[in-house]
Amino acid sequence: MICQKFCVVLLHWEFICVITAFNLSYPITSWRFKLSCMPPNSTYDYFLLPAGLSKNTSNLNGHYETAVEFNSSDTHFSNLSKTTFHCCFRSEQDRNCSLCADNIEGKTFVSTVNSSVFQQMGANWNIQCWLKGDLKLFICYVESLFKNPFKNYKHKVHLLYVLPEVLEDSPLVPQKGSFQMVHCNCSVHERCECLVPVPTAKLNDTLLMCLKITSGGVIFQSPLMSVQPINMVKPDPPLGLRMEITDDGNLKISWSSPPLVPFPLQYEVKYSENSTTVIREADKIVSATSLLVDGILPGSSYEVQVRGKRLDGPGIWSDWSTPHVFTTQDVIYFPPKILTSVGSNVSFHCIYKNENKIVSSKKIVWWMNLAEKIPQSQYDVVSDHVSKVTFFNLNETKPRGKFTYDAVYCCNEHECHHRYAELYVIDVNINISCETDGHLTKMTCRWSTNTIQSLAGSTLQLRYRRSSLYCFDIPSIHRISKPKDCYLQSDGFYECVFQPIFLLSGYTMWIRINHPLGSLDSPPTCVLPDSVVKPLPPSSVKAEIIKNIGLLKISWEKPVFPENNLQFQIRYGLSGKEIQWKMYDVYDAKSKSVSLPVPDLCAVYAVQVRCKRSDGLGLWSNWSNPAYTVVMDIKVPMRGPEFWRIINGDTMKKEKNVTLLLKPLMKNDSLCSVQRYVINHHTSCNGTWSEDVGNHTKFTFLWTEQAHTVTVLAINSIGASVANFNLTFSWPMSKVNIVQSLSAYPLNSSCVILSWILSPSDYKLMYFIIEWKNLNEDGEIKWLRISSSVKKYYIHDHFIPIEKYQFSLYPIFMEGVGKPKIINSFTQDNTEKHQNDAGLYVIVPVIISSSILLLGTLLISHQRMKKLFWEDVPNPKNCSWAQGLNFQKKMPGTKELLGGGWLNQ
């Protein structure tokens, strides 16, 4: 019957929640607190247990934890009565049960249960709450302190909460219906996790909560709790814990703050050091994200953990980070690596440990690349165990294969450890050149990295600072600067564009080389945009050859910007694939054209113009687009064409066909083209006429008169040539013979010497015509006009020695063409003589040079032999045995020796 009633009681618990008016709720703190529910007339230190129950009380952190063991054989539930339990909170520091106010009658939150089990035992739970580091969830952990009696019972925890918009001064707590309920996860029987979502906008509002706990079939209701979630933030553990030896030889412990924390944190760092000489532990609180530990020793092991908490105001310590272990080497360099620029001074420090013993700094020596011992004058003793070496005015590091640094070794007197420090020295002299465009709207700056050594992992960035007006006399790097994006071009240069620009503001800029070892800055330069203007090229450039004057006229228009006075530079040259430019400067800012003499008036000239500020500032503009002259006639042809004739017909008849052979005029003579040729005829019977032969270079006419004079004129668009060649065909003059002999001597396959002898004549000789042709071929004759004063001429052509050639020499008189001298073969006599004479011009200089060289060699050899010989003959003035002897006196057997004067020095 008793068991049945007990089961009915367990299955039909009636939860009665009586809420009376009160003004305070229990404020949740960052410390763990306790929820205690006790039967009436009992104290917190001692609970009356029913018969058959044993009591086991233990003190934990100043509080009592009651453990109950059931003995079914001795326990009787004969008297089941309704018992009221009083539930309240108390902190670990305060053992008094409190609701955050005086426990006045009528202001107590109670739970009513029907259970003989809890009538004398009561119940206790540990509670701790915090806001998760992501600021989204408020977490409460509920842990039962009575584990043994209820290990077989179901354990359920619910948390009721409300976030009111406004808390007014009302005597009543928000009604039960306004609370929301979350089910707590009790994955472990004794501990439950309750998660309350908190909107970001509500982090500063007051959160009201109470707990509903079901344990062993009994339901407990906690008093009301209140908290501001923002005051209960428990950050995530710090991230990226790392350790390194600083340049000063300290151990730097550093970490990163957890993300999403809305306020600064303080950090607690605990570390331990274990070495062969010392063991120590430390615990420090810092506000920075790093801590320096001094007095490090080689061969030591350091273990570190860090946690964080709100710096100002309430908060909860985060969990400890994962332990991080760092072990120092037997040889410690600080700094272990140095990146510096050319011309700087740097120092390395070293602590050397050998066989568990630290080497005295006085016994440490330094080496560079294990090949060069560093002089002791560069050593410094910092302490008993710390040695220092300093390098002055460093030169650029020369790469050695894949190594781009110099290895600096710290060694004992007799040995070196394999570890070394690394020294990187680079040349940071980077030239930055800028130009402002002709529209004065942007400034483009360019720089190249070809002059500096490239380090793996390094990045380059242009930084600048703009002053309000002009540049300072000495540009300097300012701590406040801005980066500028630069882009690599196809020519290997980086290019940066400043737009818009302030023409009179000084832009101080430099290149920063960022590397994990540090940053280096190139020497700064200051640029004034107004001083680096690159004007637009001159426009409307024209080029022409002026008629009747023969000058190259070039004209242009100056650009609109800049408004300063400009100077101009002209380049011109014959148009072609590779133009040989000639330069001409124009310093008159008002000039818009110039006329220049050119050697060839009939050629096409290319012309370009550029400009620059005449005060010397700024840059030259680009060259303008090229302008080209047009070839046209400038003047009448300077002369008519040269011509010769071929006469065909019966020598017995007076009529013969004469074919004129015209040599076309070159451009320099025609100025600049020939439209046609005109032949003027004049006969002995005063017959005169003209014939237009067009562009033909051959013309045939009938010679019938005793004398027939022909003049050939060249005609262009300007007019006819003034100076022209005349040729008179005369029957009487064709019999005048003044050429006594003609000889042809072949020098080689491309040259024949033609020489002749003349007899005296009363006629005025004007010039000669030389004809030659290959008799074995039907080719046309070839001819040349040469001066009358020449007696020997070199004909350059292609000659075949086994072929027969005809050479003719015509004397040309004012009165007509004289009788020619004709030979049909090369002259055999003296041919070898001429060839030998030609060879003598080469052989004789060689013989003379060799003779001079041989004579010089003999003279030098003679002087050397003389010196060598007399070194072995003693000077009698310096010999004691020769004192007082007369070497000039003749002695028997010494005539040849002394007579030759060998001893006369």
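Position numbers for residues start from 1 in each chain and track the written sequence from start to end. In keeping with the model being predicted, local features are shown solely for residues with a pLDDT of at least 70 and side-chain atom pairs are shown and tallied solely at 80 or more, while totals for entire chains, interfaces and linings include all residues. No hydrogens and no water enter the side-chain calculation; it runs on all heavy atoms of the structure.

Thoughts on the side chain of Ser321
Phase 1 of the analysis: Here a helix means four or more residues in a row that DSSP labels H or I, a strand means two or more in a row labelled E, and each is numbered from the N terminus. Of note, Ser321 is situated in the loop between strand E22 (301-310) and strand E23 (324-327).
Phase 2 of the analysis: Accessible area is worked out with a 1.4 Å probe on protein chains only. A residue is then buried under 20% of its type maximum, exposed over 50%, and partly exposed in between. The buried category is assigned to Ser321, whose relative accessible area is 6%.

Comments concerning the sheet that holds strand E63 (residues 821-823)
Phase 1 of the analysis: Spatially, four strands are ordered E60-E59-E62-E63 in an open sheet, and the strand pairing comes out antiparallel. Strand pairing shows two members of the sheet lacking a second neighbour, strand E60 (782-787) and E63, which therefore form its edges. With strand direction ignored, the average angle separating the axes of adjacent strands in the sheet is 15°.
Phase 2 of the analysis: Two strands are said to pair when DSSP picks up at least two bridges between them. Sheet topology note: the strand E59 (residues 765-774)/strand E62 (residues 805-813) ladder contains nine bridges and is antiparallel. For helices, the fitted axis covers only the stretch in contact; all axes are lines through C-alpha atoms, and the angles between them, taken along N-to-C directions, range from 0 to 180 degrees.

Some details on unusual backbone geometry
Across residues other than glycine, the phi torsion is negative in most instances, and most of the peptide bonds are trans.
Phase 1 of the analysis: In the segment running from Phe334 into Pro335, the intervening peptide bond is cis, with an omega of -5°.
Phase 2 of the analysis: Within the element layout of this structure, Pro335 appears in the loop between strand E24 (331-334) and strand E25 (337-341).
Phase 3 of the analysis: The peptide bond linking Phe561 to Pro562 adopts the cis configuration, its omega dihedral lying at -5°.
Phase 4 of the analysis: Assignment of secondary structure puts Pro562 in the loop between strand E44 (551-557) and strand E45 (566-574).
Phase 5 of the analysis: One non-glycine residue, Leu440, lies in positive phi territory at about 60°.
Phase 6 of the analysis: Here Leu440 shows up in the loop between strand E34 (432-436) and strand E35 (443-448).
Phase 7 of the analysis: Judged by relative accessible area, which is 23%, Leu440 ranks as partly exposed.
Phase 8 of the analysis: Despite not being glycine, Ser540 has its phi angle at roughly 50°, a positive value.
Phase 9 of the analysis: Structurally, Ser540 is set in strand E43 (residues 539-545).

Concerning the packing of aromatic side chains
Phase 1 of the analysis: Paired rings are identified among Phe, Tyr and Trp, the last through its six-membered ring, by centres lying within 6.5 Å, and are further divided according to the angle between planes into stacked (under 30 degrees), edge-to-face (over 60) and tilted (the rest). Taken as a whole, this structure holds 28 aromatic pairs when the rule is applied.
Phase 2 of the analysis: Measuring from centroid to centroid gives 5.3 Å for Tyr405 and Tyr424, while their planes differ by 55°, and the two rings are tilted. With Tyr405 in the loop between strand E31 (387-391) and strand E32 (406-411) and Tyr424 in strand E33 (residues 421-426), this residue pair connects regions lying 19 residues apart in the sequence.
Phase 3 of the analysis: Judged by its relative accessible area of 9%, Tyr405 is buried.
Phase 4 of the analysis: Look at Tyr409 and Tyr420: their rings are 5.3 Å apart centre to centre, the planes differ by 50°, and that puts the pair in the tilted class. Residue Tyr409 is found in strand E32, and its partner Tyr420 is found in the loop between E32 and E33; the two are separated by 11 residues along the sequence.
Phase 5 of the analysis: The rings of Phe403, Tyr405, Tyr409, Tyr420 and Tyr424 are connected pair by pair, giving a single aromatic cluster.
Phase 6 of the analysis: Whether a charge sits over a ring depends on NZ of Lys or CZ of Arg being within 6 Å of the ring centre and within 35 degrees of the ring normal. The ring of Trp130 has Lys234 sitting right over it, with the charged end atom 4.1 Å from the ring centre.

Focus on the sheet that holds strand E57 (residues 739-748)
Phase 1 of the analysis: With respect to topology, three strands assemble into an open sheet ordered E57-E58-E61, the strand pairing being antiparallel. Unpaired on one side and paired on the other, E57 and strand E61 (792-796) mark the two borders of the sheet. In this sheet, neighbouring strand axes are inclined to one another by 20° on average, regardless of whether the strands run parallel or antiparallel.
Phase 2 of the analysis: Here strand E58 (residues 751-758) pairs with E61 via five bridges, running antiparallel. Among the inter-strand pairings, Ser755 is bridged to a residue of E61, identified as Lys792.

Considering the confidence of the model for the chain
Phase 1 of the analysis: pLDDT expresses, on a scale from 0 to 100, how confident the predictor is about each individual residue. For the chain, the mean per-residue pLDDT works out to 81, and 79% of the residues sit at or above 70.
Phase 2 of the analysis: We call two residues contacting when some pair of their heavy atoms lies within 4.5 Å. Throughout residues 44-82 the model reports pLDDT below 50, and contacts reaching past four residues in sequence, or to other chains, amount to 89 contacts.
Phase 3 of the analysis: Contacts of residues 887-905 to residues separated by more than four positions or lying in other chains number 17 contacts, the stretch itself having pLDDT below 50.

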